[in-house]
Amino acid sequence: MLQRNSDLPYAIADEPGGRAAEGWKYPTVDLREMARILRRRYRLVALPPATLLALALIYLLFATTLYTSTSTVLVDPRRANVVETNQSVLTNFGTDDATIESQTLLIQSVAILTRVVGKLKLTEDAEFMPKPGLLDPVRRLFSSSGPSDGASPEDAARARSVEILQKRMKVTRQGTTFLVDIAVSSESPQKAAAIANAIATAYFDEQVRAKYDATKIAANWLGGQIDELKSRVVASEKAVEDFRSANNLTVSQGVTLNDQQITDINNKLIAARVQTAEARAKHEQVQAIAKSGGDPGGINAAITSEMITKLRTQYAEIAKNEADLSSKYGARHPLVANVRAQRRDTQKLINEEIRRILDSTRHDYDVARSREAALQQNLDELQGVSTSSGQAQVRLRELQREAEANRTLYESYLARSKETAAQESLEMPDSRIVTKASVPIRPSSPKTMLILGLALMLGLGSGSVLAFLADYLDGRVKTLEQAEAIAGVPALAAVPLIGAQELAGLARRGRSELGRYDPKTTILLPPALQPPLTRYAIDEPGTFFAEAIRAVRLSLQRAMRVQPLKVVLVTSALDSEGKTTLSSNLAQSLATLGIRTLLIDGDLRNPQLTRALCPRAGAGLLEVAIGQTSPDRAVLVDRSTGLSILPSTRIEEVEYITELMFSDRIVDVIDYYRQRYELIVIDSPPLVPLVDGRALAELADRIVVALAWDQTPGEVLAHAMDLLSPVSDRIMGTVLTRVDLSRLQFYDYYRSSAYLKPYAASHLKAGAAQ
């Protein structure tokens, strides 16, 4: 049903207060409403994708096909040295991100690309020559200088080729690894691979060249430092020798002669003191035996003497022989006397030998003492000399340390110079090729599917945004809820739009009546000749159109039950909003119920109702108001419905119409008809452009405002309601007219043809209706 679901009469004055009591609610996103917006704005949604796809296709047709080849380089920080040295002139690469990124930028540097351009002769390649364009004059106008300013033609051509090559290449690092990809795009796949490999080779050559130059500079600097250090070493060593000679500080095996002599004499003095002690011990032993009267033969020297040992052995043999002879011959025998004389001689020799040993002991003691004293004297003399030369030795050691430092530094620089000289011809790059660029088999640009996909997605996104923006900026009334929210009064019904084809079919039915119609005898057109839209609810009672008219009629009947009312004003904010069609069908619908109904054409400036039903009417509202015609004679009656019609003849004096609407004559006319009819329906002029409708609103008991669906702006409706504010308590509601039910489902599904289709008695088509 195209009517409000309410069994109670509408209380216009209480409606705003009731809505305000509901309180503020958080805004929510209605996905279904968003889908409906996209569906009802599908043309606007589809326009950007179609445009962008067309532009993308044009671009793909005319874009240059490029092939991309990639060479992968490993920036290896663990470089192997052919010559093992402690440290290179240029240290190996670090492992931080900044170092790898720096190498990535180095690959794209002008120096490396200039080598590639020269090696591959890209200045002679048409692909790497600048092509003239339509915007070149404009660019030259705004550019301050060009690559050829102040340069030779060859340098300018090389610079342009390098610039084009920079645009055709892309150097990227693979994540956080040491791998770097060198991608080059070209119109020729073979050329793309050759350039990518040439860039990698030029990068390696640049590394080797940089290291060679640094090593050569270091070698030259080391050579100069070595010559200076050599002279310093010679000078410091000469100073040491001169100082040693001047201070008699000759060194032998790292020790001065004076110190060496002191050490030797000290050692000899120690030995002499030991000998003196031994000699003194022997001498003291002999003296002690002599004083005690003991046998001196018992001393250690006598016991160990070989001579004494032999004499004692001889003495023992003689004593034995004496004993044998004495026992044999007697004590007085001459042989015994002879042997006794030999024993005494042997004893004498032993005593003399002992005496000699004693004398030797004393002499050895004296010699040892003399030698010790002599060594002590020499040691004292040398120590005196050593004390006097101590300060000279301190200075000598200082000179020696300086000479040793100069010698160490000189040897270090000399060894580093030898290593650097060896590295000059053996420098290796710190990078290597992991994957050489191969000839690509498929073009890399333009990416057809990507471009088309992006164009489609961007187009759909832009179209959706435009659709949402257009819907947001579209302030035209499209739903009953929107009409209620703006007007602040109930929305009574939505009158469907009747298709032009169907109206034409209904109009063809009146061709048979056209021959029998006599305009001279019949002022009111017969039903068959009247415009089909003015009586569509009567002729097609089973349609949505008739159902909407009955919904308005039901609302009016409910109001009549609550309080008596006679005059109903049907008006609109602007012209051509369907108020004449609404008032005509509403009046006919009321008349068919047996209610004595009068339909007044109150639009004196543009009497469309009169032109539709009785174009040859000679008298109407104006003539009745000024007294030219009696009220009953001016009324025409439609025999088919019993509806009475008061037409309005066209008046040229506009000022007279305005004065008439605000005069008591119109009030008298309306009061006269109030007494003779149960209900009066007035087709009013529009409210916004004219004041006539506002004047008639003062005379009405109830007011119905017609709104053209998807045509009347919300601001205009709000303005019309403001104009009716003096009689706001009489406004019964609004009616949406000329509603396209097939499109309404994108705004209000439950009042659209999609929801009401099972109940349709006839198929309604969209079209124009008057």
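Residues numbered from 1 in each chain as written. Predicted model: local features only at pLDDT ≥ 70, side-chain atom pairs only at ≥ 80, totals over all residues. Heavy atoms only, no water.

Some words on the overall build of the protein chain
Basically, it comes down to this: Where helices and strands are cited, they refer to DSSP runs of H or I of at least four residues and of E of at least two residues respectively, numbered from the N terminus. The buried label applies to any residue whose accessible area, calculated with a 1.4 Å probe on protein chains only, is under 20% of its type's maximum; exposed applies above 50%, and partly exposed to all values in between. Any two residues whose heavy atoms approach within 4.5 Å at even a single point are treated as in contact. Only the protein chains shown count as cover for residues, and all accessible areas are computed by the Shrake-Rupley method using a 1.4 Å probe.
Check the secondary structure of the protein chain and you find 29 helices and 14 strands. Relative to its full complement of 770 residues, the protein chain shows a buried share of 41%. In the protein chain, once contacts between residues fewer than 6 apart in sequence are set aside, the share between residues at least 24 apart is 82%. Element-wise, carbon and sulfur atoms account for 55% of the exposed surface of the protein chain, whose accessible area totals about 42200 Å².

Re the packing of helix H3 (residues 42–62) against helix H14 (residues 448–473)
Filter applied, for reference: Between N-to-C directions, angles span 0 to 180 degrees; the directions come from axes that are lines fitted to C-alpha atoms, helices contributing only their stretch in contact. An angle below 35 degrees is read as roughly parallel, one above 145 as roughly antiparallel, one from 65 to 115 as roughly perpendicular, and any other as oblique. Put simply, a crossing is left-handed when the front helix is turned counterclockwise from the back one by less than a right angle, and right-handed when it is turned clockwise.
Axis separation between H3 and H14 bottoms out at 7 Å; the angle between their running directions is 155°. The orientation of H3 relative to H14 falls into the category roughly antiparallel. As H3 packs across H14, the resulting crossing turns out to be right-handed.

Focus on the packing of aromatic side chains
Using the following cut-off: The criterion for an aromatic pair is that two Phe, Tyr or Trp rings (for Trp, the six-membered ring) have centres within 6.5 Å, with stacked assigned to planes under 30 degrees apart, edge-to-face to planes over 60 apart and tilted to the rest.
In total, this model carries four aromatic pairs according to the counting rule given. Arranged with centres 5.1 Å apart and planes meeting at 80°, the rings of Tyr536 and Phe545 form a pair that is edge-to-face. Accessibility assignment for this pair places Tyr536 and Phe545 in one class, buried. Note on Tyr672 and Tyr673: the rings are 5.5 Å apart at their centroids and 75° apart in plane angle, and the pair reads as edge-to-face. Among the aromatic residues, those joined into a ring-pair cluster are Tyr672, Tyr673 and Tyr677.

With respect to the nonpolar core
Defined as follows: By nonpolar core we mean a set of buried residues, namely Ala, Val, Leu, Ile, Met, Phe, Trp, Tyr and Cys, connected to one another through side-chain atoms within 4.5 Å.
Counting residues in each nonpolar core, the largest one holds 56 residues, and the members touching the most others are Leu646, Tyr673 and Ile703. In this structure, Val568, Ala587, Leu643 and Ala706 belong to the second largest nonpolar core, which totals 41 residues.

Observations concerning the environment of Leu229
By the secondary structure assignment, Leu229 is in helix H8 (residues 189–246). Given the relative accessible area of 4%, Leu229 is considered buried. Separated by 178 residues in sequence, Leu229 and Arg407 have C-alpha atoms that sit 8.1 Å apart. Apart from the residues lying within four places of it in its own chain, the contact partners of Leu229 are Leu409, Tyr410 and Tyr413.

Considerations on H3
Note the cut-off: A helix is expected to span 1.5 Å for every residue after the first. When we speak of the arc, we mean the arc of directions from the helix axis to the C-beta atoms.
Between the first and last C-alpha of H3 there are 30 Å, a value that for 21 residues agrees with the 30 Å anticipated at 1.5 Å per step. Every buried residue of H3 is listed here: Val45, Pro48, Pro49, Ala56 and Leu60. Looking down the long axis of H3, one finds its buried residues gathered within 105° of arc, a one-sided arrangement. Pointing more than 90 degrees away from the buried face of H3 are the exposed residues Arg43, Leu47, Leu61 and Phe62. Residues of H3 that are buried in the fold lie against helix H2 (31–40) and H14.

Topic: the sheet that holds strand E13 (residues 702–708)
The condition that has to hold: Only strands that DSSP links by at least two bridges are regarded as paired with each other.
The eight strands are arranged E7-E14-E13-E8-E12-E9-E11-E10 in an open sheet whose pairing can be described as mixed. Each having just a single partner strand, strand E7 (491–496) and strand E10 (636–638) make up the two edges of the open sheet. Pairwise comparison of adjacent strand axes, ignoring direction, gives a mean angle of 25° for this sheet. The pairing of E7 with strand E14 (residues 731–739) spans four bridges and is parallel. Looking at E14, one finds that Ala493 is bridged to Val735. Sitting on the sheet, helix H19 (residues 544–562) is in contact with E7, strand E8 (567–572), strand E12 (679–683), E13 and E14, with an inclination near 160° to E7.

Points about the pattern of salt bridges
Selection criterion: Counted as salt bridges are all cases of a side-chain nitrogen of Lys or Arg within 4 Å of a carboxyl oxygen of Asp or Glu.
All told, the structure shown has 29 salt bridges when counted by the stated rule. For Glu547, the salt bridge is made with Arg550, and the minimal N-O distance between the two is 2.7 Å. One end of the pair is Glu547 and the other is Arg550, both in helix H19 and three residues apart, which spans about a single turn. Arg550 sits in the partly exposed class, given a relative accessible area of 26%.

Focus: the environment of Leu590
When you line up the elements, Leu590 lands in helix H20 (residues 579–592). Leu590 sits 40 residues away from Arg550 along the chain, and the two C-alpha atoms are 8.9 Å apart. Excluding residues that lie within four positions of it along the chain, Leu590 makes contacts with Arg553, Leu556, Ile595, Thr597, Leu679 and Val681.

Here we look at the sheet that holds strand E6 (residues 431–435)
As a general point, the strands of a sheet are linked pairwise by backbone hydrogen bonds and lie either parallel or antiparallel. Across the sheet, four strands lie side by side as E2-E3-E1-E6; this open sheet has antiparallel pairing. One side of each edge strand has no neighbouring strand; the edge strands of this open sheet are strand E2 (169–173) and E6. Neighbour-to-neighbour, the strand axes of the sheet open up by a mean angle of 30°, direction not taken into account. Sheet analysis places strand E1 (residues 67–75) next to strand E3 (residues 179–186), joined by eight bridges and oriented antiparallel.

Some remarks on H2
An α-helix turns once per 3.6 residues; consequently, residues spaced three or four apart project the same way. Among the residues of H2, Arg36, Ile37 and Arg40 are the ones counted as buried. Take H2 and look down its axis: the buried residues cluster within an arc of 105°, on one side only.

Brief notes about the pairing of strand E11 (residues 643–646)
Where a strand is regular, its side chains alternate between the two sheet faces. Both faces of E11 are covered, namely the face carrying Leu643 and Ile645 and the face carrying Ser644 and Leu646. Pairing of E10 with E11, which is carried by three bridges, proceeds in the antiparallel orientation. Residue pairing in the sheet places Val637 in a bridge with Ser644 of E11. Here E10 folds back onto E11 in antiparallel fashion, the turn holding four residues, of which Gly642 has a positive phi close to 80°.

Quick look at the side chain of Ser431
Test applied: As used in this structure description, the phrase polar contact means that two N or O atoms lie within 3.5 Å; if the pair is within protein, one of them must be able to donate a hydrogen and the other to accept it, and residues adjacent in sequence are counted only when both atoms belong to side chains.
Positionally, Ser431 belongs in strand E6. Polar side-chain contacts of Ser431 include one of 3.3 Å to the side chain of Tyr203.

Description of the confidence of the model for the protein chain
Threshold: As a per-residue measure, pLDDT tells how confident the predictor is, with possible values from 0 to 100.
Summary statistics for the protein chain give a mean pLDDT of 80 and a share of 80% for residues scoring 70 or more. Of all secondary-structure elements in the protein chain, the lowest mean pLDDT belongs to helix H1 (residues 15–21), at 40, while E12 reaches the highest, 96. Per-residue pLDDT stays below 50 along residues 752–770; that stretch engages in 46 contacts with residues further than four places along the chain or on separate chains.

Quick notes on unusual backbone geometry
Here the residue pair Ser445 and Pro446 is connected by a cis peptide bond, since its omega of 0° sits within 30 degrees of zero. Looking at the secondary structure, you find Pro446 in the loop between E6 and H14. Phi is positive for Lys121, which is not a glycine, with a value near 55°. Tracing the chain through its elements places Lys121 in the loop between helix H5 (110–120) and helix H6 (136–142). A positive phi angle, close to 55°, is found at Arg738, a residue other than glycine. Within the secondary structure, Arg738 is located in strand E14.

Some points on a nonpolar patch on the surface
So the rule is basically this: Put simply, a patch holds well-exposed residues, over 30% relative accessible area, that have no salt bridge, with like charges counted together within 9 Å and Val, Leu, Ile, Met, Phe, Trp or Tyr side chains within 5 Å.
A contiguous nonpolar surface patch, about 490 Å² in accessible area, is contributed by Leu55, Ile58, Leu61 and Phe62. With respect to the helices, strands and loops of the structure, Ile58 is situated in helix H3. Given a relative accessible area of 45%, Ile58 falls into the partly exposed group.

Overview of the packing of H5 against helix H7 (residues 153–168)
As a reminder, the rule being used: All residues other than Ala, Val, Leu, Ile, Met, Phe, Trp, Tyr, Cys, Pro, Asp, Glu, Lys and Arg, Gly among them, are scored as polar; the first ten of these are nonpolar and the last four charged.
It is the contact of H5 with H7, at a shortest axis distance of 9 Å, that shows an interaxial angle of 110°. Taken as axis vectors, H5 and H7 run roughly perpendicular relative to one another. Judged by residue contacts, Val110, Leu113, Thr114, Val116 and Val117 of H5 engage Arg158, Ser161, Val162, Leu165 and Gln166 from H7. Residues belonging to the contact of H5 with H7 are distributed by class as follows: six nonpolar, three polar and one charged.

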